[in-house]
Amino acid sequence: MSITKLSNILTLHTNYNKVCTINFLMKSITLLLFFCFLSFTSFSQIKNNKLGAKGGIVDVDMIGDRGVNFELFYERSLKYNFTLGLDLGVANQSNFPEIFQATSLVAVNGLPVAVDEEIMALDGREGFLYGYRKYNVQYAQAYIKYTIPIKIFGNQISALTGLMMQHSEGTQFSLRQFKYRTTDYTMISYTPRYDISSYTRSGWLLGASIEREMQKSFVFSIDAKYNLVWDSKKLLSHFSALRVGIAKRF
């Protein structure tokens, strides 16, 4: 890979992720509006339907970094405290520092000078742990939710499980190999490495939520969710999310 391609690969992948996210959100809104219209025309006299949005923090790789999650959802109440739901969401997470965007000056290894300086200043023993990650996830999920029939301080507690389809894209930067002095552990040389993944997989989800009925048929919620992809790859195998949400009954 040439120096120019290596220095621009992160920027190109970021732009591609933005286009995919915008397209996914447009399709998501259209699909949810369709379900909303269908439910409204069929059950306009009974408020068994709920349409809303959630937003919060997400941990895509489950190693401690944080990102943002946004989700649109539709739910239809069934008998015996069960609810059928559909949601569409995106998750974005990156711990790449701004120095990776400084591409005006490029070092020998095809990296911005500031990145090269940061690597060469490492304690050689830290080379194995050095790296950054960027993730973009788009998903669609169908789930069944059960609500405990007893309210606790006016709140309803629910648990859910279901299936999902997830499209994941990721970029991971690390050191392919490096050398350092054994006397003072000063870095001598290194070879950078980019790993890029893009795939679509199915999986399952588990979650729990606390909901509270508000005025004018609005519902406020706090929920946590864990997604696990079957046949997961090296990157983007699963993620957990903690969100707040607002929905409207109709």
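Quick note: structure is the one above.
Residues numbered from 1 in each chain as written. Predicted model: local features only at pLDDT ≥ 70, side-chain atom pairs only at ≥ 80, totals over all residues. Heavy atoms only, no water.

(A) Broad picture of the pattern of salt bridges. Counted by the stated rule, this structure contains 13 salt bridges. Here D59 and R66 are joined by a salt bridge, their closest N and O atoms 3.3 Å apart. On the basis of relative accessible area, D59 is assigned to the buried category, the value being 9%. In this structure, K145 and E211 form a salt bridge, with 2.9 Å as the shortest nitrogen-oxygen distance. Here K145 is found in strand β4 (residues 131–147), whereas its partner E211 is found in strand β6 (residues 187–213), with 66 residues between them in sequence. We classify K145 as buried; its relative accessible area is 2%. Owing to a relative accessible area of 8%, E211 belongs among the buried residues under this scheme. The network of salt bridges with shared partners includes K54, E71, D87, D223, K225 and R243. (Salt bridge = Lys/Arg side-chain N within 4 Å of Asp/Glu carboxyl O. Buried < 20%, exposed > 50% of the residue type's maximum accessible area, 1.4 Å probe, protein only. Helix = DSSP H or I, 4+ residues; strand = E, 2+ residues; numbered from the N terminus.)

(B) Main features of the nonpolar core. I119, Y130 and F173 are the most contacted members of the largest nonpolar core, which has 14 residues in total. Within the residue set of this core, elements represented by two or more residues are α2 (113–120), β5 (156–180) and β6. Residue contacts for F173: discarding those within four places in its chain leaves F96, F100, L111, I119, Y130, G131, Y132, P192, R193 and Y194. With eight residues, the next largest nonpolar core counts V58, V60, A91 and Y135 among its residues. (Core = buried A, V, L, I, M, F, W, Y, C linked by side-chain atoms within 4.5 Å. Contact = heavy atoms within 4.5 Å.)

(C) Spatial organisation of the pairing of strand β7 (residues 218–229). Covered by surrounding structure in β7 are V219, S221, D223, K225, N227 and V229 only, the residues F218, F220, I222, A224, Y226 and L228 on the alternate face being uncovered. As paired elements, β6 and β7 share eleven bridges and run antiparallel to each other. Residue pairing across strands places S209 opposite D223, the latter belonging to β7. The hairpin turn running from β6 into β7, its antiparallel successor, is four residues long, and K216 in that turn takes a positive phi close to 60°. (Pairing = 2+ DSSP bridges.)

(D) Molecular detail of α2. Every buried residue of α2 is listed here: V115, D116 and I119. Considered in projection along α2, the buried side chains sweep an arc of 100° and stay on one side of the axis. Where α2 is buried, its residues meet β5 and β6. (Arc of directions from axis to C-beta.)

(E) Examining the side chain of Q166 more closely. Among the structural elements, Q166 can be located in strand β5. Residue Q166 is classed as buried on the basis of its relative accessible area, which comes to 2%. Reaching out from Q166, the side chain makes a polar contact with the side chain of S168 at a distance of 2.9 Å. (Polar contact = N/O pair within 3.5 Å; in protein donor to acceptor, adjacent residues only side chain to side chain.)

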